[in-house]
Amino acid sequence: MVVERARSLFDAGTTRPLTWRREQLDRLADLVTANTEAIEEALAADLGKSATETYLTEIGVLLEEIRHTRRHLSSWLKPRRVRLPWQYQPAGASLVLEPLGVVLVIAPWNYPVFLLLGPLVGVLAAGNTAVLKPSELVPRTAELLERLVPRYLDGVEVVTGGPERTTELLRERFDHIVFTGSGRVGRIVMAAAAEHLTPVTLELGGKSPAWVDGTTDLAAAARRIAWGKLVNTGQTCVAPDYLLAPPDVARALEPLLAREIRAMYGPDPALSPDYGRIVSARHAARLQQMVDDSVAAGARVVVGGQADPESRYVAPTVLTDVAPDSPVMAEEIFGPVLPIVPVADLDAAIAHVRAGDKPLALYAFTADTTVRDRLVRETSSGAVGLDVPLVHAAVPALPFGGVGPSGMGAYHGEASVRTFSHAKPVVRKPLRPETLGMVRPPFTAARRALA
Ligand code: NAD
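The numbering scheme is per chain: residues are counted from 1 as the chain's sequence reads. A pLDDT threshold of at least 70 governs which residues receive local features in this predicted model, and a stricter bar of 80 or more applies before side-chain atom pairs are shown or counted, although totals over entire chains, interfaces and linings include all residues. The basis for the side-chain values is all heavy atoms of the structure; hydrogens and waters are excluded.

Chemist: So what exactly am I meant to see when it comes to the packing of aromatic side chains here?
Modeler: We describe a pair of aromatic rings using the distance from one ring centre to the other and the angle between the two ring planes. Each Phe, Tyr or Trp ring, with Trp reduced to its six-membered ring, pairs with another whose centre is within 6.5 Å; inter-plane angles below 30 degrees give stacked pairs, above 60 give edge-to-face pairs, and intermediate values give tilted ones. For the structure on display, the rule yields 4 aromatic pairs. Look at tryptophan 109 and phenylalanine 334: their rings are 5.3 Å apart centre to centre, the planes differ by 80°, and that puts the pair in the edge-to-face class. Of this pair, tryptophan 109 sits in the loop between strand S3 (102-106) and helix H5 (114-125) while phenylalanine 334 sits in the loop between strand S13 (317-320) and strand S14 (337-342); the two residues are 225 residues apart in sequence, bridging distant segments of the chain. Each of the two residues, tryptophan 109 as well as phenylalanine 334, counts as buried. Taking 6.3 Å as the distance between ring centres and 70° as the angle between the ring planes, the aromatic pair formed by phenylalanine 400 and tyrosine 411 counts as edge-to-face. Note that phenylalanine 400 is positioned in the loop between strand S16 (383-386) and strand S17 (407-408) and tyrosine 411 in the loop between S17 and helix H14 (413-419), a separation of 11 residues in sequence. Judged on exposure class, the residue phenylalanine 400 and its partner tyrosine 411 are both buried. Going along the chain from the N terminus, every DSSP run of H or I of four or more residues is numbered as a helix, and every run of E of two or more is numbered as a strand. Only protein chains enter the accessibility calculation, which uses a 1.4 Å probe. A residue is then buried if its area is under 20% of the maximum for its type, exposed if over 50%, and partly exposed in between.

Chemist: In this structure, what is going on with unusual backbone geometry? I would like to understand it.
Modeler: Most peptide bonds take the trans form, and the phi angle of most residues other than glycine is negative. The peptide bond linking glutamine 89 to proline 90 adopts the cis configuration, its omega dihedral lying at 0°. Turning to its location among the elements, proline 90 is positioned in the loop between strand S1 (80-82) and strand S2 (92-99). In this chain, proline 441 is followed by proline 442 through a cis amide linkage whose omega measures 0°. Looking at the secondary structure, you find proline 442 in the loop between strand S18 (421-428) and helix H15 (444-450). Backbone geometry at phenylalanine 334 places phi at a positive 55°, although glycine is not the residue there. For aspartate 387, which is not a glycine, the phi torsion comes out positive at approximately 65°. Among the secondary structure elements, aspartate 387 is positioned in the loop between S16 and S17. With a relative accessible area of 24%, aspartate 387 lands in the partly exposed category.

Chemist: How should the nonpolar core be read in this particular structure?
Modeler: Buried together is how nonpolar side chains tend to be arranged in soluble globular proteins. As used in this record, nonpolar core signifies buried Ala, Val, Leu, Ile, Met, Phe, Trp, Tyr and Cys residues forming a set joined through side-chain atoms within 4.5 Å. If you look at the biggest cluster of nonpolar residues, it comprises 85 residues, and the most contacted ones within it are Leu117, Leu120, Leu132, Val212, Val238, Leu243 and Leu257. No other element matches H5, which puts 9 residues into this core. Residue contacts are defined here by distance: any two heavy atoms, one from each residue, within 4.5 Å place the two residues in contact. Excluding residues within four positions of it along the chain, leucine 120 makes contact with Leu28, Ala130, Leu132, Leu153 and Val156. The next biggest cluster of nonpolar side chains, apart from the first, holds 26 residues, and it includes Ala284, Met290, Val291 and Leu375.

Chemist: Quick question: what am I supposed to make of the packing of helix H4 (residues 51-77) against H5 here?
Modeler: Packed helix pairs are specified by the crossing angle of their axes together with the interaxial distance, meaning the distance between the axes. Every angle, taken between N-to-C directions, lies between 0 and 180 degrees, and every axis is a line fitted to C-alpha atoms, over only the stretch in contact when it is a helix. One way to put it is that H4 packs onto H5 with a least axis distance of 10 Å and a crossing angle of 10°. Overall, the two elements H4 and H5 adopt an arrangement that is roughly parallel. Facing Thr57, Glu58, Val61, Leu62, Glu65, Ile66, Thr69, Leu73 and Leu77 of H4, the residues of H5 in contact are Phe114, Leu117, Gly118, Val121 and Ala125. Roughly parallel here means an angle under 35 degrees, roughly antiparallel means over 145, roughly perpendicular means 65 to 115, and every remaining angle is called oblique.

Chemist: Please clarify how the UniProt feature "active site" (unreviewed entry) in the protein chain should be interpreted in this entry.
Modeler: Mapped onto the present numbering, the UniProt feature "active site" (unreviewed entry) falls on Glu203. Position of glutamate 203 relative to the elements: it lies in strand S7 (residues 200-203). Sequence-distant contacts of glutamate 203, defined by excluding residues within four places in its chain, comprise Phe179, Thr180, Gly181, Phe400, Gly401, Gly402, Ser406, Gly409, Ala410 and Tyr411. UniProt positions are given in the numbering used here, feature names are shortened, and annotations may be inferred rather than shown by experiment.

Chemist: Is there a simple way to think about the site of the ligand in this case?
Modeler: Every one of the 26 residues lining the ligand counts as a neighbour, but Ala107, Glu136, Ser182, Leu204 and Glu332 are closest to it. Interatomic distance of 3.2 Å between a backbone N/O atom of glycine 181 and an oxygen atom of the ligand. Two N or O atoms count as a polar contact when they lie within 3.5 Å, although within protein this holds only if one can serve as hydrogen donor and the other as acceptor, and sequence-adjacent residues are included solely when both atoms are side-chain atoms. Taking glutamate 332, its side chain carries an N or O atom lying 2.6 Å from an oxygen atom of the ligand. Expressed as a share of its isolated accessible area of 850 Å², the protein-covered part of the ligand is 91%. We call a residue near a molecule or strand whenever a single non-hydrogen atom of that residue lies within 4 Å of it. Note that accessible areas follow from Shrake-Rupley with a 1.4 Å probe, and for residues the cover is restricted to the protein chains shown.

Chemist: Even after reading the chapter, I still don't get the sheet that holds S14, so can you show me in this structure?
Modeler: Through backbone hydrogen bonds, the strands of a sheet pair up, either in parallel or in antiparallel fashion. By definition, two strands form a pair when at least two bridges between them are found by DSSP. Strand order in the open sheet formed by 7 strands is S10-S13-S14-S9-S8-S15-S16, with mixed pairing between adjacent strands. Where the open sheet ends on each side, the last strands, each with one partner, are strand S10 (300-303) and S16. Direction aside, neighbouring strands of the sheet carry axes that sit 25° apart on average. Of the pairings in the sheet, the one linking strand S8 (residues 209-212) to strand S15 (residues 361-365) comprises 3 bridges and is parallel in character.

Chemist: Sorry if this is basic, but what is going on with a nonpolar patch on the surface here?
Modeler: Exposure above 30% relative accessible area and the lack of any salt bridge qualify a residue for a patch; like charges then connect within 9 Å, and the nonpolar side chains Val, Leu, Ile, Met, Phe, Trp and Tyr within 5 Å. Salt bridges, as used here, are contacts in which a Lys or Arg side-chain nitrogen is within 4 Å of a carboxyl oxygen on Asp or Glu. Residues Tyr88, Leu436, Met438 and Val439 make up a contiguous nonpolar surface patch of roughly 380 Å² in combined accessible area. Along the chain, valine 439 falls in the loop between S18 and H15. Overall, the relative accessible area of 61% leaves valine 439 in the exposed class.

Spelled out as C-alpha coordinates, the structure:
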(Lines give C-alpha, C1' and ligand atoms only; values in the text may rest on other atoms or scores of the structure.)
Protein backbone atom coordinates (compact mmCIF):
# COMPACT_ATOMS: atom_id res chain seq x y z
CA MET A 1 0.00 0.00 0.00
CA VAL A 2 2.69 2.51 1.01
CA VAL A 3 4.80 1.53 -1.98
CA GLU A 4 1.80 1.97 -4.29
CA ARG A 5 1.16 5.44 -2.91
CA ALA A 6 4.77 6.46 -3.44
CA ARG A 7 4.74 4.91 -6.90
CA SER A 8 1.56 6.58 -8.09
CA LEU A 9 2.97 10.01 -7.22
CA PHE A 10 6.13 9.17 -9.12
CA ASP A 11 4.22 7.79 -12.10
CA ALA A 12 2.12 10.96 -12.26
CA GLY A 13 5.34 12.88 -13.00
CA THR A 14 4.88 15.11 -9.96
CA THR A 15 8.45 14.65 -8.75
CA ARG A 16 10.26 15.55 -11.97
CA PRO A 17 10.28 19.36 -12.02
CA LEU A 18 13.20 21.07 -10.33
CA THR A 19 10.73 23.26 -8.43
CA TRP A 20 9.14 20.22 -6.76
CA ARG A 21 12.53 18.86 -5.76
CA ARG A 22 13.68 22.17 -4.33
CA GLU A 23 10.47 22.59 -2.44
CA GLN A 24 10.83 19.16 -0.85
CA LEU A 25 14.38 20.02 0.22
CA ASP A 26 13.13 23.26 1.77
CA ARG A 27 10.39 21.40 3.58
CA LEU A 28 12.87 18.82 4.83
CA ALA A 29 14.98 21.66 6.23
CA ASP A 30 11.81 23.10 7.82
CA LEU A 31 10.97 19.72 9.37
CA VAL A 32 14.34 19.64 11.07
CA THR A 33 14.58 23.29 12.15
CA ALA A 34 10.99 23.54 13.41
CA ASN A 35 11.35 20.33 15.42
CA THR A 36 14.91 20.52 16.66
CA GLU A 37 13.88 20.29 20.29
CA ALA A 38 11.66 17.25 19.73
CA ILE A 39 14.48 15.52 17.83
CA GLU A 40 16.92 16.30 20.63
CA GLU A 41 14.48 14.92 23.20
CA ALA A 42 13.94 11.72 21.22
CA LEU A 43 17.68 11.13 20.92
CA ALA A 44 18.20 11.87 24.59
CA ALA A 45 15.63 9.16 25.37
CA ASP A 46 16.95 6.63 22.87
CA LEU A 47 20.71 7.13 23.16
CA GLY A 48 21.19 9.38 26.19
CA LYS A 49 22.68 11.87 23.76
CA SER A 50 23.23 15.49 24.79
CA ALA A 51 21.29 18.11 22.84
CA THR A 52 24.53 19.71 21.66
CA GLU A 53 25.92 16.44 20.32
CA THR A 54 22.60 15.74 18.58
CA TYR A 55 22.75 19.15 16.96
CA LEU A 56 26.36 18.71 15.84
CA THR A 57 26.17 15.13 14.59
CA GLU A 58 22.60 14.80 13.33
CA ILE A 59 20.91 18.12 12.66
CA GLY A 60 23.81 20.38 11.64
CA VAL A 61 25.28 17.88 9.17
CA LEU A 62 21.84 17.19 7.69
CA LEU A 63 21.12 20.88 7.17
CA GLU A 64 24.53 21.26 5.53
CA GLU A 65 23.76 18.36 3.18
CA ILE A 66 20.43 19.99 2.27
CA ARG A 67 22.01 23.44 1.72
CA HIS A 68 24.80 22.06 -0.44
CA THR A 69 22.41 20.00 -2.56
CA ARG A 70 19.90 22.85 -2.91
CA ARG A 71 22.68 25.19 -4.06
CA HIS A 72 24.19 22.93 -6.72
CA LEU A 73 21.23 20.84 -7.85
CA SER A 74 20.38 22.67 -11.06
CA SER A 75 23.98 22.49 -12.30
CA TRP A 76 24.25 18.78 -11.40
CA LEU A 77 21.05 18.06 -13.34
CA LYS A 78 22.16 19.83 -16.53
CA PRO A 79 22.53 17.29 -19.33
CA ARG A 80 26.23 16.69 -19.99
CA ARG A 81 27.30 16.94 -23.61
CA VAL A 82 29.34 14.07 -24.99
CA ARG A 83 31.31 14.31 -28.23
CA LEU A 84 30.83 11.49 -30.70
CA PRO A 85 33.73 10.11 -32.83
CA TRP A 86 34.15 11.46 -36.38
CA GLN A 87 32.64 8.34 -38.00
CA TYR A 88 29.20 9.28 -36.66
CA GLN A 89 29.29 12.99 -37.48
CA PRO A 90 27.23 14.98 -37.90
CA ALA A 91 25.77 13.90 -34.54
CA GLY A 92 25.67 14.82 -30.88
CA ALA A 93 24.90 13.20 -27.55
CA SER A 94 24.07 14.13 -24.02
CA LEU A 95 23.80 12.31 -20.71
CA VAL A 96 20.48 12.96 -19.02
CA LEU A 97 19.92 12.15 -15.35
CA GLU A 98 16.60 10.38 -14.97
CA PRO A 99 14.95 9.61 -11.61
CA LEU A 100 14.65 5.92 -10.76
CA GLY A 101 11.24 5.72 -9.08
CA VAL A 102 10.59 4.60 -5.51
CA VAL A 103 13.66 4.28 -3.29
CA LEU A 104 13.65 2.31 -0.05
CA VAL A 105 15.89 3.75 2.68
CA ILE A 106 16.66 1.39 5.58
CA ALA A 107 18.51 3.05 8.45
CA PRO A 108 20.34 1.84 11.56
CA TRP A 109 19.93 3.17 15.09
CA ASN A 110 23.24 4.91 15.69
CA TYR A 111 22.57 8.22 13.87
CA PRO A 112 18.88 7.60 13.36
CA VAL A 113 18.09 11.02 11.90
CA PHE A 114 21.11 11.72 9.69
CA LEU A 115 21.29 8.18 8.32
CA LEU A 116 17.58 8.14 7.44
CA LEU A 117 17.07 11.70 6.20
CA GLY A 118 20.60 12.15 4.78
CA PRO A 119 20.05 9.62 1.97
CA LEU A 120 16.55 11.09 1.50
CA VAL A 121 18.10 14.43 0.49
CA GLY A 122 19.64 12.81 -2.58
CA VAL A 123 16.61 10.62 -3.24
CA LEU A 124 14.31 13.66 -3.45
CA ALA A 125 16.86 15.85 -5.23
CA ALA A 126 17.11 13.20 -7.93
CA GLY A 127 13.31 13.33 -8.36
CA ASN A 128 12.30 10.07 -6.68
CA THR A 129 9.75 9.20 -4.05
CA ALA A 130 10.75 7.19 -0.99
CA VAL A 131 9.82 4.69 1.66
CA LEU A 132 11.77 5.19 4.89
CA LYS A 133 12.41 2.42 7.40
CA PRO A 134 13.94 3.71 10.66
CA SER A 135 15.45 1.32 13.19
CA GLU A 136 13.18 -0.23 15.79
CA LEU A 137 15.97 0.08 18.37
CA VAL A 138 15.39 3.84 18.64
CA PRO A 139 11.61 3.84 19.14
CA ARG A 140 11.21 7.47 20.23
CA THR A 141 13.06 8.78 17.17
CA ALA A 142 11.27 6.36 14.83
CA GLU A 143 7.84 7.42 16.17
CA LEU A 144 8.72 11.07 15.91
CA LEU A 145 9.83 10.77 12.28
CA GLU A 146 6.78 8.66 11.44
CA ARG A 147 4.64 11.52 12.74
CA LEU A 148 6.59 14.43 11.23
CA VAL A 149 7.51 13.24 7.74
CA PRO A 150 3.96 13.08 6.29
CA ARG A 151 3.28 16.56 7.69
CA TYR A 152 6.13 18.10 5.72
CA LEU A 153 6.88 15.94 2.69
CA ASP A 154 5.04 14.58 -0.34
CA GLY A 155 5.79 11.14 -1.68
CA VAL A 156 7.67 9.96 1.39
CA GLU A 157 6.22 7.10 3.42
CA VAL A 158 7.55 5.93 6.78
CA VAL A 159 7.27 2.31 7.84
CA THR A 160 8.27 1.46 11.40
CA GLY A 161 8.96 -1.99 12.78
CA GLY A 162 11.60 -4.65 13.15
CA PRO A 163 12.97 -7.42 10.97
CA GLU A 164 9.52 -8.98 10.30
CA ARG A 165 8.05 -5.78 8.95
CA THR A 166 11.22 -5.12 6.96
CA THR A 167 11.11 -8.63 5.51
CA GLU A 168 7.55 -7.96 4.30
CA LEU A 169 8.59 -4.63 2.85
CA LEU A 170 11.50 -6.20 1.02
CA ARG A 171 9.10 -8.47 -0.89
CA GLU A 172 7.84 -5.38 -2.70
CA ARG A 173 9.51 -4.05 -5.80
CA PHE A 174 11.59 -0.90 -5.37
CA ASP A 175 13.69 0.89 -7.95
CA HIS A 176 16.64 1.26 -5.61
CA ILE A 177 17.42 0.29 -2.02
CA VAL A 178 19.88 2.12 0.18
CA PHE A 179 20.68 0.19 3.31
CA THR A 180 22.86 1.35 6.18
CA GLY A 181 23.66 -1.23 8.81
CA SER A 182 25.53 -4.44 9.41
CA GLY A 183 27.02 -6.74 6.79
CA ARG A 184 24.83 -9.55 8.13
CA VAL A 185 21.58 -7.72 7.34
CA GLY A 186 23.16 -6.18 4.22
CA ARG A 187 23.38 -9.70 2.77
CA ILE A 188 19.68 -10.30 3.53
CA VAL A 189 18.72 -7.01 1.87
CA MET A 190 20.83 -7.71 -1.21
CA ALA A 191 19.37 -11.20 -1.60
CA ALA A 192 15.82 -9.80 -1.37
CA ALA A 193 16.68 -7.06 -3.88
CA ALA A 194 18.00 -9.68 -6.30
CA GLU A 195 14.47 -11.12 -6.66
CA HIS A 196 13.40 -7.91 -8.42
CA LEU A 197 16.84 -7.07 -9.85
CA THR A 198 16.74 -3.93 -7.72
CA PRO A 199 20.10 -2.14 -7.44
CA VAL A 200 21.40 -1.57 -3.92
CA THR A 201 23.67 0.85 -2.15
CA LEU A 202 25.05 -0.82 0.97
CA GLU A 203 26.58 1.35 3.69
CA LEU A 204 28.10 -1.19 6.05
CA GLY A 205 30.68 -1.20 8.81
CA GLY A 206 33.85 -2.94 9.83
CA LYS A 207 36.94 -2.34 11.90
CA SER A 208 38.49 0.99 10.89
CA PRO A 209 42.16 1.07 11.99
CA ALA A 210 44.25 4.06 13.01
CA TRP A 211 48.04 4.01 12.64
CA VAL A 212 50.02 6.19 15.04
CA ASP A 213 53.78 6.61 14.91
CA GLY A 214 56.48 8.53 16.76
CA THR A 215 56.84 11.28 14.13
CA THR A 216 53.53 12.86 15.16
CA ASP A 217 52.59 15.14 18.04
CA LEU A 218 51.24 12.36 20.24
CA ALA A 219 49.32 14.62 22.62
CA ALA A 220 47.44 16.25 19.73
CA ALA A 221 46.86 12.86 18.05
CA ALA A 222 45.50 11.39 21.31
CA ARG A 223 43.05 14.29 21.56
CA ARG A 224 41.65 13.67 18.07
CA ILE A 225 41.55 9.90 18.53
CA ALA A 226 39.74 10.06 21.88
CA TRP A 227 37.20 12.48 20.39
CA GLY A 228 36.68 10.38 17.22
CA LYS A 229 36.27 7.22 19.23
CA LEU A 230 33.86 8.59 21.81
CA VAL A 231 31.52 10.73 19.71
CA ASN A 232 28.07 9.13 20.07
CA THR A 233 29.54 6.87 22.80
CA GLY A 234 31.62 5.05 20.23
CA GLN A 235 28.59 4.02 18.17
CA THR A 236 29.87 5.48 14.91
CA CYS A 237 30.50 3.45 11.77
CA VAL A 238 33.62 5.49 10.90
CA ALA A 239 35.02 5.67 14.45
CA PRO A 240 38.64 4.55 14.77
CA ASP A 241 37.96 0.98 15.90
CA TYR A 242 41.52 0.23 17.15
CA LEU A 243 45.04 1.67 17.12
CA LEU A 244 48.11 0.14 15.54
CA ALA A 245 51.34 1.58 16.92
CA PRO A 246 54.97 0.62 17.56
CA PRO A 247 55.40 -0.54 21.21
CA ASP A 248 57.05 2.68 22.46
CA VAL A 249 54.31 4.82 20.89
CA ALA A 250 51.62 2.52 22.29
CA ARG A 251 53.12 3.01 25.76
CA ALA A 252 53.34 6.80 25.34
CA LEU A 253 49.71 7.01 24.21
CA GLU A 254 48.31 5.40 27.37
CA PRO A 255 48.47 8.41 29.74
CA LEU A 256 47.67 10.83 26.91
CA LEU A 257 44.43 9.04 26.00
CA ALA A 258 43.46 8.78 29.68
CA ARG A 259 44.03 12.51 30.06
CA GLU A 260 41.92 13.39 27.02
CA ILE A 261 39.02 11.23 28.18
CA ARG A 262 39.11 12.91 31.56
CA ALA A 263 39.27 16.34 29.92
CA MET A 264 36.10 15.60 27.92
CA TYR A 265 34.01 13.72 30.49
CA GLY A 266 35.52 14.46 33.93
CA PRO A 267 36.63 11.94 36.57
CA ASP A 268 33.37 9.95 36.35
CA PRO A 269 31.92 9.86 32.80
CA ALA A 270 28.71 8.31 34.20
CA LEU A 271 27.94 11.75 35.65
CA SER A 272 28.83 13.76 32.57
CA PRO A 273 25.88 15.34 30.71
CA ASP A 274 27.93 15.01 27.53
CA TYR A 275 28.47 11.25 27.73
CA GLY A 276 25.73 9.15 26.15
CA ARG A 277 24.48 5.62 26.66
CA ILE A 278 24.58 2.41 24.62
CA VAL A 279 21.49 1.76 22.51
CA SER A 280 20.32 -1.30 24.48
CA ALA A 281 21.19 -3.37 27.53
CA ARG A 282 22.04 -6.25 25.20
CA HIS A 283 24.61 -4.18 23.29
CA ALA A 284 26.05 -2.85 26.58
CA ALA A 285 26.40 -6.43 27.87
CA ARG A 286 28.10 -7.44 24.61
CA LEU A 287 30.68 -4.67 25.09
CA GLN A 288 31.24 -5.61 28.73
CA GLN A 289 31.77 -9.24 27.71
CA MET A 290 34.16 -8.19 24.97
CA VAL A 291 36.29 -6.21 27.44
CA ASP A 292 36.25 -8.99 30.06
CA ASP A 293 37.19 -11.67 27.52
CA SER A 294 39.99 -9.52 26.13
CA VAL A 295 41.41 -8.91 29.61
CA ALA A 296 41.25 -12.64 30.28
CA ALA A 297 43.19 -13.09 27.04
CA GLY A 298 46.00 -10.78 28.21
CA ALA A 299 44.91 -7.20 27.47
CA ARG A 300 45.40 -4.55 30.15
CA VAL A 301 42.88 -1.84 31.08
CA VAL A 302 44.47 1.62 30.87
CA VAL A 303 41.32 3.51 31.74
CA GLY A 304 37.64 2.61 32.18
CA GLY A 305 36.52 -0.99 32.12
CA GLN A 306 33.36 -0.36 34.17
CA ALA A 307 29.93 -1.15 32.75
CA ASP A 308 26.37 -1.35 33.96
CA PRO A 309 24.37 -2.96 31.16
CA GLU A 310 21.05 -2.39 32.90
CA SER A 311 21.48 1.39 32.76
CA ARG A 312 23.13 0.97 29.33
CA TYR A 313 26.36 2.48 30.64
CA VAL A 314 29.79 1.50 29.38
CA ALA A 315 32.72 3.65 30.52
CA PRO A 316 35.17 5.06 27.97
CA THR A 317 37.71 2.28 27.97
CA VAL A 318 41.25 2.00 26.63
CA LEU A 319 42.82 -1.43 26.44
CA THR A 320 46.48 -1.99 25.70
CA ASP A 321 48.80 -4.91 24.96
CA VAL A 322 45.95 -6.21 22.84
CA ALA A 323 46.92 -9.18 20.69
CA PRO A 324 45.68 -9.26 17.09
CA ASP A 325 43.63 -12.38 17.94
CA SER A 326 42.11 -10.89 21.11
CA PRO A 327 38.27 -11.10 21.39
CA VAL A 328 38.01 -7.31 21.00
CA MET A 329 39.65 -7.67 17.59
CA ALA A 330 37.22 -10.33 16.34
CA GLU A 331 34.36 -8.02 15.35
CA GLU A 332 33.49 -4.33 14.93
CA ILE A 333 33.42 -2.87 18.46
CA PHE A 334 30.76 -0.19 17.90
CA GLY A 335 31.14 1.17 21.41
CA PRO A 336 33.45 3.27 23.63
CA VAL A 337 36.27 0.73 23.80
CA LEU A 338 39.65 1.52 22.22
CA PRO A 339 42.20 -1.28 21.91
CA ILE A 340 45.85 -0.44 21.30
CA VAL A 341 47.53 -3.17 19.31
CA PRO A 342 51.34 -2.88 19.41
CA VAL A 343 52.98 -3.85 16.11
CA ALA A 344 56.67 -4.01 15.19
CA ASP A 345 56.54 -1.42 12.40
CA LEU A 346 54.57 0.01 9.49
CA ASP A 347 55.05 -3.15 7.41
CA ALA A 348 53.40 -5.20 10.14
CA ALA A 349 50.55 -2.67 10.40
CA ILE A 350 49.94 -2.74 6.65
CA ALA A 351 50.06 -6.55 6.64
CA HIS A 352 47.51 -6.60 9.48
CA VAL A 353 45.10 -4.27 7.64
CA ARG A 354 45.46 -6.16 4.39
CA ALA A 355 44.78 -9.49 6.08
CA GLY A 356 41.34 -8.30 7.24
CA ASP A 357 38.20 -7.05 5.50
CA LYS A 358 38.56 -3.73 3.69
CA PRO A 359 37.50 -1.17 6.32
CA LEU A 360 35.11 1.77 5.96
CA ALA A 361 37.87 4.21 6.96
CA LEU A 362 41.58 4.16 7.70
CA TYR A 363 43.29 6.81 9.77
CA ALA A 364 46.94 7.75 10.05
CA PHE A 365 48.56 10.01 12.62
CA THR A 366 52.05 10.59 11.30
CA ALA A 367 54.14 13.49 10.04
CA ASP A 368 56.02 11.20 7.65
CA THR A 369 54.72 11.70 4.12
CA THR A 370 56.25 8.44 2.92
CA VAL A 371 54.24 6.61 5.56
CA ARG A 372 51.08 8.47 4.54
CA ASP A 373 51.64 7.63 0.88
CA ARG A 374 52.32 3.98 1.63
CA LEU A 375 49.14 3.66 3.70
CA VAL A 376 47.04 5.31 0.98
CA ARG A 377 48.61 3.19 -1.79
CA GLU A 378 49.08 -0.16 -0.07
CA THR A 379 45.77 -0.52 1.76
CA SER A 380 42.16 -0.30 0.60
CA SER A 381 39.38 1.39 2.57
CA GLY A 382 36.24 3.45 2.02
CA ALA A 383 38.16 6.63 2.86
CA VAL A 384 41.39 7.80 4.50
CA GLY A 385 41.70 10.44 7.24
CA LEU A 386 45.17 11.89 7.77
CA ASP A 387 45.46 13.26 11.31
CA VAL A 388 41.67 13.51 11.52
CA PRO A 389 38.91 10.99 12.09
CA LEU A 390 35.22 11.25 11.02
CA VAL A 391 35.36 14.57 9.16
CA HIS A 392 35.20 13.08 5.65
CA ALA A 393 31.78 11.62 6.49
CA ALA A 394 30.33 15.07 7.15
CA VAL A 395 31.47 16.80 3.95
CA PRO A 396 28.68 16.82 1.34
CA ALA A 397 31.14 17.30 -1.53
CA LEU A 398 32.88 13.98 -0.76
CA PRO A 399 31.25 10.72 -1.85
CA PHE A 400 30.71 8.57 1.24
CA GLY A 401 30.78 4.79 1.08
CA GLY A 402 32.71 1.61 1.71
CA VAL A 403 34.56 -0.86 -0.44
CA GLY A 404 34.29 -4.64 -0.38
CA PRO A 405 32.77 -5.84 2.91
CA SER A 406 32.41 -2.24 4.18
CA GLY A 407 29.89 -1.47 1.47
CA MET A 408 29.11 -0.75 -2.15
CA GLY A 409 28.10 2.49 -3.82
CA ALA A 410 28.40 5.95 -2.37
CA TYR A 411 26.22 8.94 -1.54
CA HIS A 412 26.23 12.52 -0.14
CA GLY A 413 25.90 15.62 -2.31
CA GLU A 414 26.39 15.06 -6.02
CA ALA A 415 27.27 11.39 -5.46
CA SER A 416 23.75 10.92 -4.04
CA VAL A 417 22.08 12.50 -7.05
CA ARG A 418 24.10 10.22 -9.33
CA THR A 419 23.41 7.14 -7.20
CA PHE A 420 19.65 7.75 -7.18
CA SER A 421 19.44 8.55 -10.92
CA HIS A 422 19.97 6.69 -14.14
CA ALA A 423 22.46 8.46 -16.42
CA LYS A 424 20.72 8.02 -19.77
CA PRO A 425 22.64 8.64 -23.00
CA VAL A 426 20.55 10.45 -25.62
CA VAL A 427 22.10 10.40 -29.10
CA ARG A 428 20.94 12.64 -31.97
CA LYS A 429 21.89 12.40 -35.63
CA PRO A 430 20.15 14.28 -38.39
CA LEU A 431 18.59 12.07 -41.08
CA ARG A 432 20.48 13.99 -43.73
CA PRO A 433 23.21 13.86 -44.86
CA GLU A 434 23.19 10.06 -44.74
CA THR A 435 26.69 9.08 -43.61
CA LEU A 436 25.96 5.51 -42.47
CA GLY A 437 26.25 3.99 -45.96
CA MET A 438 29.37 2.04 -44.97
CA VAL A 439 27.63 0.00 -42.26
CA ARG A 440 24.58 -0.92 -44.37
CA PRO A 441 24.65 -3.92 -46.74
CA PRO A 442 25.73 -4.53 -49.37
CA PHE A 443 29.15 -4.14 -47.75
CA THR A 444 30.97 -3.58 -51.03
CA ALA A 445 32.42 -0.20 -50.01
CA ALA A 446 33.15 -1.27 -46.43
CA ARG A 447 34.95 -4.43 -47.60
CA ARG A 448 37.14 -2.32 -49.86
CA ALA A 449 37.88 0.20 -47.08
CA LEU A 450 38.76 -2.53 -44.53
CA ALA A 451 40.92 -4.56 -46.92
P1 NAD B 1 21.45 -3.73 11.57
O2 NAD B 1 22.01 -4.31 10.31
O3 NAD B 1 21.18 -4.63 12.69
O4 NAD B 1 20.08 -2.97 11.27
C5 NAD B 1 19.93 -2.02 10.24
C6 NAD B 1 18.50 -1.99 9.76
O7 NAD B 1 18.15 -3.27 9.24
C8 NAD B 1 17.46 -1.65 10.83
O9 NAD B 1 16.51 -0.75 10.30
C10 NAD B 1 16.80 -2.99 11.12
O11 NAD B 1 15.44 -2.86 11.47
C12 NAD B 1 16.91 -3.71 9.81
N13 NAD B 1 16.96 -5.16 9.97
C14 NAD B 1 17.45 -5.87 11.02
N15 NAD B 1 17.33 -7.19 10.81
C16 NAD B 1 16.75 -7.34 9.61
C17 NAD B 1 16.36 -8.47 8.83
N18 NAD B 1 16.54 -9.70 9.25
N19 NAD B 1 15.78 -8.23 7.63
C20 NAD B 1 15.62 -6.99 7.18
N21 NAD B 1 15.95 -5.88 7.87
C22 NAD B 1 16.51 -6.05 9.07
O23 NAD B 1 22.48 -2.57 11.96
P24 NAD B 1 22.47 -1.68 13.27
O25 NAD B 1 22.80 -2.54 14.46
O26 NAD B 1 21.26 -0.84 13.32
O27 NAD B 1 23.73 -0.72 12.95
C28 NAD B 1 25.03 -1.11 13.25
C29 NAD B 1 25.83 -1.43 12.00
O30 NAD B 1 25.62 -0.45 11.01
C31 NAD B 1 27.32 -1.43 12.24
O32 NAD B 1 27.90 -2.52 11.56
C33 NAD B 1 27.77 -0.12 11.63
O34 NAD B 1 29.11 -0.08 11.24
C35 NAD B 1 26.87 -0.01 10.48
N36 NAD B 1 26.76 1.38 10.08
C37 NAD B 1 27.25 1.77 8.86
C38 NAD B 1 27.17 3.09 8.49
C39 NAD B 1 27.66 3.58 7.16
O40 NAD B 1 27.28 4.69 6.79
N41 NAD B 1 28.46 2.84 6.43
C42 NAD B 1 26.58 4.02 9.35
C43 NAD B 1 26.10 3.59 10.56
C44 NAD B 1 26.18 2.26 10.91
